[in-house]
Amino acid sequence: GNHTLLTEFILSGLSSRPELQHLLFFTICLVYSMTLIGNLLICMVTVHPALHMPMYFFLRVLSFLDISTASVVVPKMLVSLLSEDRSISYLGCVTQLYCVVFLAATEWYLLAAMACDRYVAVCWPLRYAAIMSPRTCLSLVLLSCCSGKVVSVLQTAWVVTLSLCGPRRINYFFCDIPPLLVLSCTDTSLYEKQLISATVLVIFTPFCLILLSYACIISSILKISSAESRHKAFSTCSSHLTVVTLYWASGTLIYLQPKSTNSQDAKKILALIYTTVIPTLNPLIYSLRNKEVKEVLIRVV
């Protein structure tokens, strides 16, 4: 009864040292620009008739999600780096939280769909066009979005029911579940267990499905007699597996210990990698390791 309910929050940002603010601003602004340019190029390139395949359709959706994730987090962070006003309203915080969770969960399910696509392409090449039809691909994308929406609605609803009270300063650069739990003046042990369960469902379940798909893929690749065909199959799969590993490492370290105050600074770095760096790396990973994408990209540019 002595607590005052919060109507707005103060984001501490990446660093409290004034001499670093301008350097961080220009660095993150550069990274964000690369994210937008790289992913927009991927979206443009994968529309080309030469890349009219399910793999590139999924890649185009992934690039759109990367642009959305960075755009939800980075602009507010850039404004905070140049302005003394780092406040964000309660509604704005909840909206940002919902969008971040929705996009992150959708990307995980989409990565699982991409692994299934690679499995069909390598293990069932003669039936690939029939199995991975445009209708099937669109259904997988819509299923990923619906699953992400369910997860985000449930997680956001849980956070809204918590009694958040002072201090109103969030030791983060955007509104996310772990830093908001620290502000709760009620027992959050049940919610922490629920969040860990959701993390297992959203991250570990798709990750296990991806590993199973790649176990079958590797087994099939090793049976291919042509060294060139084996190299091509490994090349297309390794790009996707690299992205999955980056997402899995950062996501699990952030959400498996949601209320660990000792690691908030480390989680800020991981969250920065997750929301800013990985969306920039995705176009580089897929374009530099894919011959078809490089050829079309050179023609487009």
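Keep in mind it's a predicted model, so treat the numbers as computed, not measured. (Residues numbered from 1 in each chain as written. Predicted model: local features only at pLDDT ≥ 70, side-chain atom pairs only at ≥ 80, totals over all residues. Heavy atoms only, no water.)

1. A short note on the overall build of the protein
Line of reasoning, step 1. Summing up its helical and strand segments, the protein has 10 helices and 3 strands in all.
Line of reasoning, step 2. Overall, the protein shows an N-to-C arrangement of helices and strands of β-α-α-β-α-α-α-β-α-α-α-α-α.
Line of reasoning, step 3. Since a compact globule built from 301 residues should have a radius of gyration of about 19 Å, the 21 Å found for the protein is in line with a globular shape.
Line of reasoning, step 4. The principal-axis extents of the C-alpha atoms in the protein amount to approximately 70 × 40 × 30 Å.
Line of reasoning, step 5. Taking all 301 residues of the protein together, 48% fall into the buried category.
Line of reasoning, step 6. In the protein, the proportion of contacts linking residues at least 24 apart, taken out of those at least 6 apart, comes to 81%. (Helix = DSSP H or I, 4+ residues; strand = E, 2+ residues; numbered from the N terminus. Rg over C-alpha atoms; globule rule 2.2 N^0.38 Å. Buried < 20%, exposed > 50% of the residue type's maximum accessible area, 1.4 Å probe, protein only. Contact = heavy atoms within 4.5 Å.)

2. Regarding the nonpolar core
Line of reasoning, step 1. In terms of nonpolar packing, the biggest core is built from 80 residues, with Trp108, Ile170 and Leu180 touching the most fellow members.
Line of reasoning, step 2. Of the residues forming this core, the biggest block, 17 residues, is contributed by helix H3 (residues 90–123).
Line of reasoning, step 3. In this structure Leu180 touches Phe9, Cys93, Leu97, Val159, Leu164 and Ile170, once residues within four positions along its chain are discounted. (Core = buried A, V, L, I, M, F, W, Y, C linked by side-chain atoms within 4.5 Å.)

3. Considering the UniProt feature "transmembrane region" (unreviewed entry) in the protein
Line of reasoning, step 1. What UniProt calls "transmembrane region" (unreviewed entry) maps, in this numbering, to residues 23–45, 57–75, 95–116, 137–160, 196–222, 234–257 and 269–288.
Line of reasoning, step 2. With 96% helix and 0% strand, the stretch residues 196–222 has end C-alpha atoms that lie 37 Å from each other. (UniProt positions renumbered as here; feature names shortened; annotations may be inferred.)

4. Observations concerning the state of the cysteines
Two cysteines, two sulfur atoms, one covalent bond between them: this is a disulfide.
Line of reasoning, step 1. The final tally for this structure, using the stated rule, is 1 disulfide.
Line of reasoning, step 2. The partner cysteine of Cys93 in its disulfide is Cys175, sulfur to sulfur 2.0 Å. Here the disulfide of Cys93 and Cys175 is left-handed, its torsion about the S-S bond being about -120°. Placement of Cys93 in helix H3 and of Cys175 in the loop between strand S3 (169–170) and helix H6 (177–182) is noted, with a sequence separation of 82 residues between them. Comparing Cys93 with Cys175, the two get one shared label, buried.
Line of reasoning, step 3. Here Cys123 is not cross-linked by a disulfide; its sulfur's nearest cysteine counterpart is in Cys216, at 5.9 Å.
Line of reasoning, step 4. In this structure Cys123 comes out as partly exposed when scored by relative accessible area, which is 21%. (Disulfide = S-S within 2.5 Å.)

5. Looking at the sheet that holds strand S2 (residues 87–89)
By way of backbone hydrogen bonds, the strands of a sheet pair with one another, either parallel or antiparallel.
Line of reasoning, step 1. Strand order in the open sheet formed by 3 strands is S2-S1-S3, with mixed pairing between adjacent strands. In this open sheet, the two strands that pair with only one neighbour each are S2 and S3.
Line of reasoning, step 2. Packed on one face of the sheet, H3 meets strand S1 (8–11), S2 and S3 and runs near 85° to S2. (Pairing = 2+ DSSP bridges. Axes fitted to C-alpha atoms, helices over the stretch in contact; angles between N-to-C directions.)

6. Considerations on the side chain of Gln21
Line of reasoning, step 1. With respect to the helices, strands and loops of the structure, Gln21 is situated in helix H1 (residues 21–45).
Line of reasoning, step 2. Judged by its relative accessible area of 7%, Gln21 falls in the buried class.
Line of reasoning, step 3. Beyond its immediate sequence surroundings of up to four residues, Gln21 is in contact with Ser15, Ser16, Leu81 and Arg86.

7. Describing the packing of aromatic side chains
Line of reasoning, step 1. Inspection of every chain in the model, using the stated rule, returns 8 aromatic pairs.
Line of reasoning, step 2. With centroids separated by 6.4 Å and ring planes inclined at 5°, the aromatic side chains of Tyr98 and Phe102 adopt a geometry described as stacked. With Tyr98 and Phe102 both in helix H3 and 4 residues apart, the pair spans about one turn of that helix.
Line of reasoning, step 3. You can call Tyr98 partly exposed: its relative accessible area is 26%.
Line of reasoning, step 4. Overall, Phe102 belongs to the partly exposed group, its relative accessible area being 21%.
Line of reasoning, step 5. Among the aromatic residues, ring-to-ring pairing joins Tyr172, Phe173 and Phe174 into one connected group. (Phe/Tyr/Trp six-rings, centres within 6.5 Å; stacked < 30°, edge-to-face > 60°.)

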